[in-house]
Amino acid sequence: MGLFQDDFYSTKVTKRERGFRKARKAQEVWPRSRRSRGMSTLQVATISSVISAFVAVLLFSMITGLPSSGKEAVAVSAINSKQLDSNVDPYDRLVTAAAKVRPTVVSIVNYKDAKKDKTSLEDSALGSGVIFKKDQGQAFVITNNHVIEGSQELEVVLVNGEMKKAKLVGADKVNDIAVLAVNDKDINEVAEMGDSGKLRLGETVFAIGNPLGLGDTLTSGIVSYTNRIVPVSLNQDGVYDWEQEVIQTDAAINEGNSGGALVDLNGKVIGINTMKIADAGVEGLGFAIPVEQVMKTVDELMTHGKIARPYIGIYSMDLGNPYAQMDEDQLKELKLPSDVKDGVVVLDAIGPAQEAGLKLNDVIVKFNNDPITTTLEMKKFLYDKVKIGDTVKVTFYRGGKEQTTNVKLAEKPDQ
């Protein structure tokens, strides 16, 4: 038996049910001798229609305060007839939007070994990208950092099948965005960027890209959530060390869709597809980076080729991490007060942190009086609240005693 009573619902009518229906029908038919001889059916219907129309206009006048003249009644009738017009195809906007953005979405081939035969895609990775700008003979393409990571050579495949050698302009691992440049010959269209801040829950969107090597593929869905926060592992080591703000959609996103466009019904790009949850029993959980966040990263990559972020020089672990708990001997060695349950334990200090005197087993609890309970909070503070060259007051425990030191932040070195 299923979860619902109508799992086995059938439109077929049993013989017993047919018998009930015949009996009911026989009861509902009036005998000829009881029919009224005073007025015909047409006359009754006409009179009823006139009375109904009069009552409707009278009620309209009472509710709105407008005079119940013939013009107002006609206007109301016109509005109602317009609302009931079913001649407009609800999918026309989707078709038009897809045609608008389609020429701007490309496939990306990441050759991990440039020496191998390029006629075979073995040892290469596939992804998608969006042409967003043309300037001085070059066209620029947005994609994900993980699409181009580890590449020896990159190629962009246009919607018409033409292949172009691509050059990396810049990439950012934290926001998972990269920018490529190609020759702009035969590229006539660039994508129009929308406003991801105005997205509404349930709004129709579609994803377009190169899933599984099947380029120029479109899937549609809705905005399932406008600003979902999902944990990510920047080093792909299974340890979540960052949080990404994304648009959640149930439009099908598969391997190879990464870097492609999430588009609204106006044909505007409102996100860059980046990931999906692929697990047993999971369907319709795809994510895209909001275009406003994307373009902030892109602007800096176009200007500097990288994202400059503050750097403190600490390798750490979380004191209160439930998945990697410290044993009793380690906790005793820290000699922390009983009320200190959370903080960042220093495993190694280099650069600015070392110069400021921080060292192994120091437990950081505050930056500029802001509580720091995890490594993630420490990174978010550094990336969002301060800049290179700022001095941060660090509160920490050493040997059970609370201390402070000032750390001057440097620029994060290239990895």
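Located above this text is the structure these notes cover.
Residues numbered from 1 in each chain as written. Predicted model: local features only at pLDDT ≥ 70, side-chain atom pairs only at ≥ 80, totals over all residues. Heavy atoms only, no water.

> Before we go on, may I ask you to explain the packing of aromatic side chains in this structure?
Where two aromatic rings form a pair, the distance of their centres and the angle of their planes describe that pair. Applying the stated criterion to the full structure yields 2 aromatic pairs. Summarising the aromatic geometry, the rings of Trp242 and Tyr383 are spaced 5.3 Å apart at their centres and angled 55 degrees between planes, so their arrangement reads as tilted. Separated by 141 residues along the polypeptide, Trp242 in strand β9 (residues 242-249) and Tyr383 in helix α9 (residues 375-384) bring together distant segments of the chain. Note on Trp242: relative accessible area 8%, which makes it buried. Residue placement shows Arg228 over the ring face of Tyr225; its charged tip is 3.8 Å from the ring centre. (Phe/Tyr/Trp six-rings, centres within 6.5 Å; stacked < 30°, edge-to-face > 60°. Helix = DSSP H or I, 4+ residues; strand = E, 2+ residues; numbered from the N terminus. Buried < 20%, exposed > 50% of the residue type's maximum accessible area, 1.4 Å probe, protein only. Lys NZ or Arg CZ within 6 Å of the ring centre and 35° of its normal.)

> I keep staring at the side chain of Thr249 and nothing clicks. Help me out?
Mapped onto the elements, Thr249 comes out in strand β9. Take Thr249: its relative accessible area is 0%, and that puts it in the buried class. A distance of 3.0 Å separates a polar atom in the side chain of Thr249 from the backbone nitrogen of Ala251. Those residues within four positions of Thr249 in sequence are excluded, and the remaining contacts are Val205, Ile222, Ser224, Leu262, Gly284, Leu285 and Gly286. (Polar contact = N/O pair within 3.5 Å; in protein donor to acceptor, adjacent residues only side chain to side chain. Contact = heavy atoms within 4.5 Å.)

> When you look at α9 in this model, what are you seeing that I'm missing?
The periodicity of an α-helix, 3.6 residues per turn, causes residues three or four places apart in sequence to face the same way. Among the 10 residues that make up α9, 7 are buried, leaving the element largely enclosed by the rest of the structure. Among all positions in α9, only Thr375, Leu376, Met378, Lys379, Phe381, Leu382 and Tyr383 are buried.

> Where do I start with the layout of surface pockets in this structure?
Empty space left among the atoms is revealed by rolling a probe the size of a water molecule over them. Put simply, the second largest pocket is a space of about 920 Å³. Along the wall of the second largest pocket there are 33 residues; nearest its centre are His146, Asp176, Gln236, Thr274 and Met275. Put simply, the parts of the chain that give the lining of the second largest pocket at least two residues each are β2 (124-135), α5 (145-148), β8 (217-232) and β11 (269-276). (1 Å grid on protein atoms, 1.4 Å probe; cavity = no way out; pocket = protein on both sides within 12 Å on 5 of 7 lines; lining within 4 Å. Points joined across faces, edges and corners; volume = space filled by probe spheres on them.)

> Explain the nonpolar core to me, please; I cannot follow it from the model alone.
In summary, soluble globular proteins display a tendency toward joint burial of nonpolar side chains. Counting residues in each nonpolar core, the largest one holds 29 residues, and the members touching the most others are Ile312, Ile314, Leu358, Ile364, Phe367, Leu382 and Val394. Every element with two or more residues in this core is listed here: β8, β9, β15 (344-349), β16 (363-367), α9 and β18 (391-398). Counting residues per element, this core draws most heavily on α9, which supplies 5 residues. When residues no more than four places from it in sequence are discounted, the contact partners of Leu382 are Pro310, Ile312, Phe367 and Leu409. Ile142, Val179, Ile208 and Val294 belong to the second largest nonpolar core, which has 26 residues in total. (Core = buried A, V, L, I, M, F, W, Y, C linked by side-chain atoms within 4.5 Å.)

> Can you walk me through unusual backbone geometry in this structure?
Even without being a glycine, Gln136 presents a positive backbone phi close to 50 degrees. Its location among the elements puts Gln136 in the loop between β2 and β3 (138-143). With relative accessibility at 77%, the residue Gln136 sits in the exposed group. Positive phi outside glycine occurs at Asp186, with the angle close to 70 degrees. Mapped onto the secondary structure, Asp186 falls in the loop between β6 (177-183) and β7 (204-209).

> Even after reading the chapter, I still don't get the sheet that holds strand β12 (residues 286-290), so can you show me in this structure?
Each strand in a sheet pairs with another by means of backbone hydrogen bonds, the pair being arranged parallel or else antiparallel. On the basis of which strands lie adjacent, the closed barrel formed by 6 strands has the order β7-β8-β9-β12-β11-β10 and antiparallel pairing. Adjacent strand axes in the sheet meet at a mean angle of 50 degrees, parallel and antiparallel pairs treated alike. Bridge analysis of β7 against strand β10 (residues 261-263) gives 3 bridges, and the strand direction is antiparallel. Along β10, the bridge assignment pairs Ile208 with Ala261. Its contacts with the sheet put helix α6 (residues 291-304) on β9, β11 and β12, and the angle it makes with β12 is roughly 50 degrees. (Pairing = 2+ DSSP bridges. Axes fitted to C-alpha atoms, helices over the stretch in contact; angles between N-to-C directions.)

Geometric values such as these leave the question of function open.
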